[in-house]
Amino acid sequence: MLELKNISFEVEDEKEILKNINLKIDTGKFIVITGPNGGGKSTLARVIAGIQKPTEGQIFFEGQDITHADITQRAQMGISFAFQQPVRFKGLTVFDLISTAAGRDLNQTEACKYLSEVGLCARDYINRELNASLSGGEIKRIEIASVLARGTKLSIFDEPEAGIDLWSFKNLIDVFKKMYAAINGTIIIISHQERILKIADEIIVLADGNIISHGCRDEILPRLLSGTDKVDFCPYQKLED
Amino acid sequence: MDQQTQEQIAKTLLKDVSDIDGVPQAAYNIRENSTCAGRMSTETIKIESKTDKSGIDIIVAPGTVQDKVYIPALVTCSGVHDLVYNDFYIGENADVTIIAGCGVNTDGCDGSEHNGIHRFFLKPGAKVLYIEKHIGMGDGSGKRVINPETYVEMEEGSTMEMDTTQIKGVDSTKRTCTGIVGPDCTLIVKEKIMTHGQQSAETSFKVDLNGENSSCTLSSRSVARGHSHQRFLSEINGNAKCAGHSECDAIIMDHGVVSAIPRITANHLDAALIHEAAIGKIAGDQIIKLRTFGLTEKEAESKIIDGFMR
Ligand SMILES: Nc1ncnc2c1ncn2[C@@H]1O[C@H](COP(=O)(O)OP(=O)(O)O)[C@@H](O)[C@H]1O
Ligand SMILES: [Mg+2]
């Protein structure tokens, strides 16, 4: 459903953030992308969502060449993207965000349902402003809820676990499992968490702008855990706040 | 302009500035083109014409419980230069909501102007919520000008919140607001302004925090588009143990210009005063986020502005 052909992303000084990436993702798969900080994971996600234009290569989505489609067009075709660092808005409420994401006039009950799914007590949050008063963990969950509300063919989550406490994290795994079962779509999660890696169909390891391995979980995960894949990366790393 | 259009304009303006549809179920005074177009006093709220100049006295009885009074002012045609003095006397422990508002419509090349001077005298323990909306309407090239002036004197333990909004159609506005704040009093002023085209808006707050444990919050949220100009001046003088906060949050678009000029003076060791100002265009990542929901850039922009100005 998604194919990247020879994708490179270069910034000034000829620094290559992504180096000739070739990648094919099949419909309905649950993919986890992992790898060291600075490896290019977020950049890859932004290139797929259309936020950054690759300097070379082509992107296909459901057989269509979307290399020149902009963010809005890709979103309308069915690509969703939960940011690593969610955006705050003065004046817009959580309800505004969720219903804008859903693309239709939700009632409060419907919007609350998405918030409850990510472990937020909906009534307390629905009318909150998306301003600096929300904690990092809260805004991350709202970000995930907005992608749930969209329910598109492809959903990309950039480090959804970041800022979420261990207690809630267990539920988050269930959120993704449930979502995967419910939406019948393809999910790409960028994550360092072993528990997320464990529910993947396929794992992609991205380091220094290259895909250093890509395969099914049972093939890749043991290598990551035993350190065969020599990336500077520890899957047991503590959840950061 | 015929009688019927005139009435229709008055009705629309009235609805827009004060949410009145028909006759309000509370005390009211409607001013239209410098004359009184309707008035009702109640048991607790008396409205009387001034004898020495144009305007009214609004007297709220002590102990009034959660009452309302509407005092909209309308200018429905070109060439009107309205000047009005309204004084509010709020009795001890009275709790009242004042819905003011002004609509100016011009359809010719002559400008129209409304200058309202509102003074508030709050007795101890009084509680006032003052809501004011300003709009300009009509296709005339004549300038629509609204210059509101407010003066608030607060006695011990009283609170006042002023919410003012000017979203569209007013070509020029100069707002001044003066507060004399007594002990244990809280003054909150929130304004929202959006300017377009060649419009200009200036706000000037001056608050003297004179009483012990007095506090004030002056906040302005604004959007300047087109070639419009805005100036936000806020002066807070802390003359006792008090807390003062002024903030200006502005979005500029196109060639809009906004300046925020704070002046906070602590004349007392226990005066705590803060000023914050943030001026800039819409953050790029906000637009990007909404576009990932399928909105176009324009749609994203107006969603952000609508939220910001709500
Ligand atoms: N637009 C850009 N200009 C310059 N450097 C960039 C740009 N975007 C990303 N980078 C750099 O590319 C590297 C990869 O970043 P990123 O994709 O965020 O990595 P990851 O998400 O894997 O941690 C980082 O070193 C980052 O600083
Ligand atoms: Mg990243």
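Residues numbered from 1 in each chain as written. Chains lettered and ligands numbered in written order. Predicted model: local features only at pLDDT ≥ 70, side-chain atom pairs only at ≥ 80, totals over all residues. Heavy atoms only, no water.

## Observations concerning the overall build of chain B
Test applied: Elements are defined by DSSP. Helices are runs of H or I of four residues or more, strands are runs of E of two residues or more, and each kind is numbered from the N terminus. Based on C-alpha atoms, the radius of gyration is set beside the globule rule, defined as 2.2 Å times the residue count to the power 0.38. Exposure classes here rest on a 1.4 Å probe applied to the protein chains alone. A residue is buried below 20% of its type maximum, exposed above 50%, and partly exposed in between. We call two residues in contact whenever any of their non-hydrogen atoms come within 4.5 Å of each other. Residue exposure ignores everything except the shown protein chains as possible cover, and the areas themselves are Shrake-Rupley values with a 1.4 Å probe. His is not counted here, nor are the chain ends, while Lys and Arg score as positive and Asp and Glu score as negative. Just so you know, the charge point we use is NZ for Lys, CZ for Arg, CG for Asp and CD for Glu.
In terms of regular secondary structure, chain B is built from 3 helices and 19 strands. For 310 residues, the compact-globule estimate of 2.2 N^0.38 gives 19 Å, and the C-alpha radius of gyration of chain B, at 20 Å, lies within 12% of that figure. Along the first, second and third principal axes, the C-alpha atoms of chain B reach 60 × 55 × 35 Å. Looking at chain B residue by residue over its 310 residues, the buried ones come to 51%. The contacts of chain B with a sequence gap of at least 6 include a subset with a gap of at least 24, amounting to 81%. Carbon together with sulfur atoms contributes 49% to the accessible area of chain B, which is approximately 13300 Å² in total. Chain B carries 31 positive and 43 negative side-chain charges, and their two centres are separated by 4 Å.

## Here we look at the nonpolar core
Note the cut-off: To qualify as a nonpolar core, a set must consist of buried Ala, Val, Leu, Ile, Met, Phe, Trp, Tyr and Cys residues joined through side-chain atoms within 4.5 Å.
Counting residues in each nonpolar core, the largest one holds 94 residues, and the members touching the most others are Leu2 and Leu115 of chain A. Looking at which element gives the most residues to this core, the answer is helix α6 (residues 136-150) of chain A, with 7 residues. The residues contacting Leu115 of chain A, other than those within four sequence positions of it, are Val94, Ile98, Leu120, Ala122, Tyr125, Ile126, Ile142 and Ala145 of chain A. With 39 residues, the next largest nonpolar core counts Val60, Ile71, Tyr130 and Met154 of chain B among its residues.

## A word on the coordination of the magnesium ion (ligand 2)
To be explicit about the condition: The donor definition counts N, O and S atoms within 2.8 Å of each metal and applies 3.2 Å to Na, K and Ca; water is not among these atoms, so some sites may look incomplete.
Those protein atoms acting as donors to the magnesium ion (ligand 2) are Ser42 of chain A (OG) and Gln84 of chain A (OE1), and they sit at 2.0 to 2.3 Å. Note that Ser42 of chain A is positioned in helix α1 (residues 41-49) and Gln84 of chain A in the loop between β6 (79-82) and α3 (94-102), a separation of 42 residues in sequence.

## Quick word on the sheet that holds strand β16 (residues 229-238) of chain B
Residues and elements named next belong to chain B. Applied cut-off: Pairing between strands is defined by DSSP: at least two bridges between them are needed. To obtain an axis, a line is fitted to C-alpha atoms, over the contacting stretch when the element is a helix, and the angle between two such axes runs from 0 to 180 degrees between their N-to-C directions.
With mixed pairing, 9 strands are arranged side by side in an open sheet as β3-β4-β6-β8-β10-β12-β14-β16-β18. Looking along the sheet, the strands with just one partner apiece sit at the ends: β3 (45-49) and β18 (257-266). When strand polarity is set aside, the average angle formed by the axes of neighbouring strands in this sheet is 10 degrees. As paired strands, strand β14 (residues 200-209) and β16 are joined by 10 bridges and run parallel to one another. Bridge pairing in β16 links Phe205 to Ser234.

## Regarding the packing of α3 of chain A against helix α4 (residues 108-117) of chain A
Residues and elements named next belong to chain A. Selection rule: Here roughly perpendicular refers to angles of 65 to 115 degrees, roughly parallel to angles under 35, roughly antiparallel to angles over 145, and oblique to all remaining angles.
Relative to each other, α3 and α4 sit at 90 degrees, their axes nearing to 10 Å. In terms of orientation, α3 and α4 fall into the roughly perpendicular class. Of the residues in α4, those in contact with Val94, Phe95 and Ile98 of α3 are Gln108, Ala111, Tyr114 and Leu115.

## Notes on the site of ligand 1
Residues and elements named next belong to chain A. Operational definition: Any residue with at least one heavy atom within 4 Å of a molecule or strand is counted as near it. As used in this structure description, the phrase polar contact means that two N or O atoms lie within 3.5 Å; if the pair is within protein, one of them must be able to donate a hydrogen and the other to accept it, and residues adjacent in sequence are counted only when both atoms belong to side chains.
Every residue near ligand 1 is listed here: Val11, Lys15, Ile17, Pro36, Asn37, Gly38, Gly39, Gly40, Lys41, Ser42, Thr43 and Gln52. Gly40 is positioned with one of its backbone polar atoms (N or O) 3.0 Å from an oxygen atom of ligand 1. Between ligand 1 and Thr43, the relevant distance is 2.5 Å, taken from an oxygen atom to a side-chain nitrogen or oxygen of the residue. For ligand 1, whose free accessible area comes to 560 Å², the fraction covered by protein is 64%. At the level of elements, β2 (15-25) and α1 are the ones that each hand at least two residues to the shell around ligand 1. Per-element accounting of the shell around ligand 1 gives the leading share, 3 residues, to α1.

## A word on the interface of chain A and chain B
Reports of interface size often rely on the accessible area that becomes lost once the parts have come together. Defined as follows: Accessible-area loss on putting two parts together, using a 1.4 Å probe and summing over both, is the definition of buried area adopted here. Salt bridge, as applied in this entry: a Lys or Arg side-chain nitrogen positioned within 4 Å of an Asp or Glu carboxyl oxygen. For this classification, Asp, Glu, Lys and Arg are treated as charged, while Ala, Val, Leu, Ile, Met, Phe, Trp, Tyr, Cys and Pro are nonpolar and the rest, including Gly, are polar.
Opposite the 25 residues of chain A that make contact, chain B presents 18 residues. Together, the buried faces of chain A and chain B total about 1900 Å²; carbon and sulfur atoms form 61% of this surface. Linking chain A with chain B are 5 salt bridges, by the criterion used here. Remark: the boundary between chain A and chain B carries 13 residue pairs in polar contact (both at pLDDT 80 or more). Mapped onto the side of chain A that touches chain B, the elements with two or more residues apiece are α2 (71-77), β6, α3 and α6 of chain A. Residues of the side of chain A that touches chain B, tallied by class, amount to 12 nonpolar, 6 polar and 7 charged.

## Regarding the layout of surface pockets
All names here are of chain B. Note the following rule: Buried and open spaces are told apart on a 1 Å grid over the protein atoms alone, a cavity being a set of points where a 1.4 Å probe fits but cannot get out and a pocket being an open set with protein on both sides within 12 Å along at least five of seven lines. Residues with an atom within 4 Å of a point are the lining residues. Grid points are joined across faces, edges and corners, and a volume is the space filled by probe spheres set on the points.
The calculated volume of the largest pocket comes to roughly 340 Å³. Looking at the largest pocket, it is lined by 18 residues, and the ones nearest its centre are Lys190, Glu191, Lys192, Arg221 and Arg310. Secondary-structure elements contributing two or more residues to the lining of the largest pocket are β11 (159-168), β13 (186-195), β15 (214-224), β17 (242-252) and α3 (297-309). The element best represented in the lining of the largest pocket is β11, accounting for 5 residues. Along the lines of polarity and charge, the residues of the lining of the largest pocket split into 2 nonpolar, 6 polar and 10 charged.

## Observations concerning the confidence of the model for chain B
Detailed reading of the predicted coordinates is not advisable wherever pLDDT is low. For the record, the criterion: Each residue carries a pLDDT score, the predictor's own confidence in it, on a scale running from 0 to 100.
Here chain B averages 91 in pLDDT, and 99% of its residues register 70 or above. In the model output, the complex is listed with pTM 0.85 alongside ipTM 0.91.

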